[in-house]
There are 2 protein chains.
Amino acid sequence: MHINEFQEMMRRLYFHRDSERGVEKTFEWLVEEVAELGEALKTSNRKALENEFADVIAWLASLANITNVDLEEAALGKYENKCPKCKNAPCQCPF
Amino acid sequence: MHINEFQEMMRRLYFHRDSERGVEKTFEWLVEEVAELGEALKTSNRKALENEFADVIAWLASLANITNVDLEEAALGKYENKCPKCKNAPCQCPF
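Owing to the predicted nature of the structure, the values given are computational and were not obtained by experimental measurement. (Residues numbered from 1 in each chain as written. Chains lettered and ligands numbered in written order. Predicted model: local features only at pLDDT ≥ 70, side-chain atom pairs only at ≥ 80, totals over all residues. Heavy atoms only, no water.)

Let us look at the packing of aromatic side chains. Residue and element names in this part refer to chain B. Applying the stated criterion to the full structure yields four aromatic pairs over all chains. Measuring from ring centre to ring centre gives 4.9 Å for Trp 29 and Trp 59, while their planes differ by 10°; the resulting arrangement is stacked. You can see Trp 29 sitting in helix α2 (residues 23-41) and its partner Trp 59 sitting in helix α3 (residues 46-66), a full 30 residues away along the chain. Classification of Trp 59 by relative accessible area gives buried; the value is 14%. (Phe/Tyr/Trp six-rings, centres within 6.5 Å; stacked < 30°, edge-to-face > 60°. Helix = DSSP H or I, 4+ residues; strand = E, 2+ residues; numbered from the N terminus. Buried < 20%, exposed > 50% of the residue type's maximum accessible area, 1.4 Å probe, protein only.)

See below:
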């Protein structure tokens, strides 16, 4: 599924909730989901880990929806086929 | 671009760096990028905002690459066309 199709799916499922909650609280939820991903990384529970990756990208899409950002356009605008800093693929930035 | 194609592009660009840096430090970078997204949300700079959304999904893909998680499979496994909690579309979970 394309990144923007996923974002549109999240819009269909959650925009009514996301817009009511607002940007600040939705960002707080994203931060919380990232923290849960951090906890899952410390375990060997693959299903829990996948679950937390899913939540982070879902909340990122929700936040993009209520701030009118096209996540796919933003991602490809910066990263398409080269490192945005050194302009190489693979990246050859100095450490 | 499909979510998994984006993840593969991030692998081509950054896997050598991501795998050397390791899971813990890559997660720390993700947290830092989320914090920068939070700062950008407080401004009216659209380009900076798009830039930070791009960075968060890029670092999430990097983290998925070094933990062998398929981000698209994880996302669709949990969220495809219905809320995973109430099973409705749109979501009808109680507040």
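The next point concerns α2(B). Under the 1.5 Å per step criterion, the end-to-end length of α2(B) is 27 Å for 19 residues, consistent within 8% with the ideal 27 Å. On its buried side, α2(B) packs onto α2 (23-41) and α3 (46-66) of chain A together with α1 (3-21) and α3 of chain B. (Expected span 1.5 Å × (residues − 1). Contact = heavy atoms within 4.5 Å.)

It is worth spelling out the relation of the copies chain A and chain B at this point. Structural alignment of chain A on chain B gives an RMSD of 0.0 Å, achieved by rotating through 180° and translating 0.0 Å along the axis. Taken together, these values place the two copies in the relation of a two-fold axis. Closest approach to the rotation axis within chain A is made by the C-alpha atom of A:His2, at a distance of 1.9 Å. Taken together, the interface assignments show that 100% of the residues at the interface of chain A recur at the interface of chain B, consistent with an identical surface on both copies. (Least-squares fit on C-alpha atoms with pLDDT ≥ 70 in both.)

This part covers the interface of chain A and chain B. Facing the 56 residues of chain A at the interface are 56 residues of chain B. Carbon and sulfur atoms make up 70% of the surface buried where chain A meets chain B, a total of about 4,800 Å² over both sides. The interface formed by chain A and chain B contains two salt bridges. One salt bridge connects B:Lys78 with A:Asp55, and the closest N-O pair in it is separated by 2.8 Å. Counting across the chain A and chain B interface gives 22 residue pairs in polar contact (both at pLDDT 80 or more). Of the residues assigned to the side of chain A that touches chain B, the class counts are 37 nonpolar, nine polar and ten charged. (Buried area = accessible area lost by both parts, 1.4 Å probe. Salt bridge = Lys/Arg side-chain N within 4 Å of Asp/Glu carboxyl O. Polar contact = N/O pair within 3.5 Å; in protein donor to acceptor, adjacent residues only side chain to side chain. Nonpolar A, V, L, I, M, F, W, Y, C, P; charged D, E, K, R; others polar.)

In this section: the confidence of the model for chain A. Residues at a pLDDT of 70 or more form 100% of chain A, whose mean pLDDT is 97. Interface scoring of the predicted complex returns ipTM 0.97; its pTM is 0.97. (pLDDT = per-residue confidence, 0-100.)

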